[in-house]
Amino acid sequence: EPEVTQTPSHQVTQMGQEVILRCVPISNHLYFYWYRQILGQKVEFLVSFYNNEISEKSEIFDDQFSVERPDGSNFTLKIRSTKLEDSAMYFCASSEAYGGAGSYEQYFGPGTRLTVT
Amino acid sequence: GQNIDQPTEMTATEGAIVQINCTYQTSGFNGLFWYQQHAGEAPTFLSYNVLDGLEEKGRFSSFLSRSKGYSYLLLKELQMKDSASYLCAAKSHSSYKLIFGSGTRLLVRP
């Protein structure tokens, strides 16, 4: 069964450093998302991406964050200058398309645990 | 605004039935999702309701009442592996994002 993959599974970085989290969405999906989950808290939406541009972003997704689809398969989240409060599990998700009940389902990757020290 | 409420924790016995409730207030509501999340893992999709009524999928069923802003997830014949967090999430017409509740941690006891 197709699945969303993410690398690395765990990333430790020092405050102020840049990190890039990588995702490979399901191949026929057109909509891509990043969510984060701080330990013990709810899953929070960061950004959605469609047709090579950001379609929506949350207030969390400020200027230190950026997303990119550098090729036909990868989808990346870059955090330019990490802060302690960026420590969280970051989930990538993808969905097929819009229209029809099944296409709203978002499939999540296994996550990257980011630890900022 | 957007607000989703669900109980923090529930406990049930193996083989029993449990109902996890969710109430939501979402502008332009366009669907309610349930996800299962085991500790340290990704949320996995369980169900999606956009119309009123009950959707059944094996041991899991989900119900929606749009007029009441209410949904529940029903788990039958509970198994130990069903111990997990169950996340209620809402979607609106004008947005792609899912708004998640804080999740209900279900503990299944022998």
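All values derive from a computational prediction rather than experimental measurement.

J.: Just to check I follow, could you spell out the overall build of chain A for this structure?
T.: Along its length, chain A carries zero helices and eleven strands. Counted from the first residue to the last, chain A has its helices and strands arranged as β-β-β-β-β-β-β-β-β-β-β. A compact globule built from 117 residues would reach a C-alpha radius of gyration of about 13 Å, and chain A, at 14 Å, matches this within 12%. With the C-alpha coordinates aligned to their principal axes, the bounding extent of chain A is approximately 45 × 25 × 25 Å. In chain A, which comprises 117 residues, the proportion classed as buried is 46%. Within chain A, contacts between residues separated by at least 24 positions form 55% of all contacts whose residues are at least 6 apart in sequence. When the 9 basic and 15 acidic side-chain charges of chain A are each reduced to a single mean position, those positions are 6 Å apart.

J.: Could you clarify how one ought to interpret the sheet that holds strand β1 (residues 5-7) of chain A in this entry?
T.: Note on sheets: strands pair through backbone hydrogen bonds, and any given pair is parallel or antiparallel. Residue and element names in this part refer to chain A. Read across the open sheet, the four strands follow the order β1-β3-β8-β7; overall the sheet is antiparallel. Sheet topology places β1 and β7 (65-68) at the edges, where each strand pairs with a single neighbour. Going across the sheet, the axis of each strand differs from the next one's by a mean of 20°, ignoring polarity. Inspection of the sheet shows β7 paired to strand β8 (residues 75-79) by four bridges, in the antiparallel sense. Bridging from a neighbouring strand, V67 pairs with L77 of β8.

Reading the values: rules and limits
- Residues numbered from 1 in each chain as written.
- Chains lettered and ligands numbered in written order.
- Predicted model: local features only at pLDDT ≥ 70, side-chain atom pairs only at ≥ 80, totals over all residues.
- Heavy atoms only, no water.
- Helix = DSSP H or I, 4+ residues; strand = E, 2+ residues; numbered from the N terminus.
- Rg over C-alpha atoms; globule rule 2.2 N^0.38 Å.
- Buried < 20%, exposed > 50% of the residue type's maximum accessible area, 1.4 Å probe, protein only.
- Contact = heavy atoms within 4.5 Å.
- Lys, Arg positive; Asp, Glu negative; His and termini not counted.
- Charge placed at Lys NZ, Arg CZ, Asp CG, Glu CD.
- Pairing = 2+ DSSP bridges.
- Axes fitted to C-alpha atoms, helices over the stretch in contact; angles between N-to-C directions.

No statement about biological role is implied by the geometric values presented.
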